[in-house]
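Spelled out, the chains give:
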Amino acid sequence: MAKKKGGSYRIKFLMIITYLCAGLIPLFLFTAVVFKTTENYFIEEKKKELLNQANIFSGHITISGYLKNEDMRHAFDRDIELTSEQGGFRIIVTDDMGVVIEDSNGTDNGKTIIIPEIVEALETKDVAREQESGDIYVVTSIVDESGKKAGTVLIIYKPEDIHAMIAGIRKPVYIMTILISCIVLTFVLVLSHTITGPLSKLMEVIRNISEGHFDERMPVDENSDNEIMQVGAAVNNMAEKLEEVETSRQHFVSNVSHELKTPLSSIKVLSESILLDSEAPKETYIEFLKDINSEVDRMTEIINDLLTLVKLDQKEIPVTFNQESLNSVIEDIVKRLRPLADNKNIDFEYTAVKEVNAEIDRTKFTLAVSNLVENGIKYTDEGGKVKVVLDCDHQNAFITVSDTGIGMAEEELSKIFQRFYRIDKTRNRETGGTGLGLSITHSTVLMHNGSIKVTSRENEGTTFVVRIPLIHNM
Ligand code: ADP
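Residues numbered from 1 in each chain as written. Predicted model: local features only at pLDDT ≥ 70, side-chain atom pairs only at ≥ 80, totals over all residues. Heavy atoms only, no water.

**Some words on the overall build of the chain**
(1) Moving on: Secondary structure summary: the chain contains 10 helices and 12 strands in total.
(2) Moving on: Compactness check: the chain gives a C-alpha radius of gyration of 52 Å against a globular reference of 23 Å for 474 residues, more than 25% above the reference.
(3) Moving on: The dimensions of the chain, computed from C-alpha atoms along their principal axes, are 165 × 55 × 35 Å.
(4) Moving on: Scored against the burial criterion, the 474 residues of the chain give a buried share of 38%. (Helix = DSSP H or I, 4+ residues; strand = E, 2+ residues; numbered from the N terminus. Rg over C-alpha atoms; globule rule 2.2 N^0.38 Å. Buried < 20%, exposed > 50% of the residue type's maximum accessible area, 1.4 Å probe, protein only.)

**Notes on the packing of aromatic side chains**
(1) Moving on: Counted by the stated rule, this structure contains five aromatic pairs.
(2) Moving on: Measuring from ring centre to ring centre gives 6.3 Å for Phe28 and Tyr174, while their planes differ by 20°; the resulting arrangement is stacked. Taken together, the residues Phe28 in helix α1 (residues 2-64) and Tyr174 in helix α4 (residues 160-210) connect sequence positions 146 residues apart.
(3) Moving on: Exposure remark for Tyr174: the relative accessible area of 25% places this residue in the partly exposed category.
(4) Moving on: Aromatic side chains Phe252 and Phe420 sit 5.7 Å apart centroid to centroid with 40° between the ring planes, which places their arrangement in the tilted category. On the criterion of sequence distance, the pair formed by Phe252 in helix α5 (residues 227-276) and Phe420 in the loop between β10 (396-403) and α9 (424-428) is long-range, its members being 168 residues apart.
(5) Moving on: Joined through ring pairs, the aromatic side chains of Phe28, Phe35 and Tyr174 make up one cluster. (Phe/Tyr/Trp six-rings, centres within 6.5 Å; stacked < 30°, edge-to-face > 60°.)

**Digging into the nonpolar core**
(1) Moving on: Leu326, Val373, Ile399, Phe464 and Ile468 are the most contacted members of the largest nonpolar core, which totals 37 residues.
(2) Moving on: The residues touching Ile399, leaving out its near neighbours within four places in the chain, are Leu326, Ile330, Phe365, Val369, Val388, Val389, Leu390, Phe464, Val465 and Val466. (Core = buried A, V, L, I, M, F, W, Y, C linked by side-chain atoms within 4.5 Å. Contact = heavy atoms within 4.5 Å.)

**Here's the deal with the site of the ligand**
(1) Moving on: Near the ligand, the surroundings consist of 19 residues, among which Asn375, Tyr379, Arg422, Thr434 and Leu438 are the closest.
(2) Moving on: Lys378 is positioned such that a nitrogen or oxygen atom in its side chain is 3.2 Å from an oxygen atom of the ligand.
(3) Moving on: Between an oxygen atom of the ligand and a main-chain N or O atom of Ile423, the distance comes to 3.3 Å.
(4) Moving on: Within the complex, the protein chains bury 98% of what would otherwise be the 520 Å² of accessible surface of the ligand. (Near = heavy atom within 4 Å. Polar contact = N/O pair within 3.5 Å; in protein donor to acceptor, adjacent residues only side chain to side chain. Areas by Shrake-Rupley, 256 points an atom, 1.4 Å probe, with all protein chains shown as cover.)

**Observations concerning unusual backbone geometry**
(1) Moving on: The phi dihedral of Asn345 is positive, around 60°, even though this residue is not glycine.
(2) Moving on: Using a relative accessible area of 56% as the deciding quantity, one classes Asn345 as exposed.
(3) Moving on: At Phe420, a residue that is not glycine, the phi angle is positive and equals roughly 70°.

**Quick word on the environment of Asp77**
(1) Moving on: The residue Asp77 is located in helix α2 (residues 70-87) in this model.
(2) Moving on: Between the alpha carbons of Asp77 and Asp103 there is a distance of 8.7 Å; along the sequence they are 26 residues apart.

This is the structure:
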């Protein structure tokens, strides 16, 4: 349980972090930058305005000859004080040595002020500069009639009203930003919950499946195009396949046990009856031992077939594909099985339409085709016919094995390649066989990247067509 929650919490945590990084932080940064830019804009505008003001003053001072004319002075002092009051700034007028002639505050009169701004205004040009304290210093030079710089006008402005104005807007904007953030955060939380909810369920289902509960399913809406639902559907699909594999494995095991149990019980019954009847004649012993021997043969046959199948199933077993003449492979098979056909008086015919070379694993492929031919002979009554035809086109080789035997019903055809599957009527007739032959053939043909098709009619005969590519592409 803890693990499960841990998983979904991690996703929630990731989503919140993503939201913080991609949403909140840039939002706050943006707001801060906007405020700074606005503040700078107002300060620059203020500087221009103050420079203008200072220039007007300088002009007035020059025109009025204020620096020289003592009579004008009183009226002008009044003017400076008024302007300073109205504008909310301090005005200082100095001579060309930095000595204060008039200070609107009245505090620095007669003092010498040497600041870089005054020096700069006297030497080069007018300045407007923000100080570290935040104050704005604006200095313009006063030019006398001869064009010489005779003094400066210094305006000192404390931009508190600008700060107050910005602070006034900042508060509602920040409240708004926080409000938006909260709404988005709630949205992200709800969203992450709607994602992690099904995800947690999915993880639980996968965990249960991996613990062996193959019947576990994720509830999904098949029509949904939601990715999690699609993963859920894929998991369900996988679980279904696992269930099928598990069922077939169980069938397989029970089939193997059943198949081995039958000869074992016969051996047990046979050996017990000999043991119990100590007086039995030698012929009876021999007969019973023959029966036991044939049961052992049958068990060996089953086990050999099983081993072959298991080996075929293990993909890692070495398979050696060589260029072989299929004509020679099939001739060998025909030669080997002809006595069997002759025994039943079966007309056994082999036709090679062309010379066919293909890349095959000779041993395995021989076994696969032999099974088909053996079945043909086995399930065909005396006097019937079994025909093998070898042909090819540009890409594939075709081996057709047809017989005029007992045939199979349509509904059996899809099952005969299953392990241990035998059609009952043939089973009853005790034709022998393990029910594994066609499985082996099927697996081998698939291993050669080929296919196998069967057509059959009851009491008319059966045809198997094997197709394999001439060149084996891995
Ligand atoms: P078996 O060892 O029983 O022959 P196979 O796997 O080779 O097992 O075949 C499975 C079943 O398919 C057989 O039991 C038989 O009923 C049926 N079968 C296979 N080949 C033929 C055939 N040529 N004609 C009729 N029935 C066949």
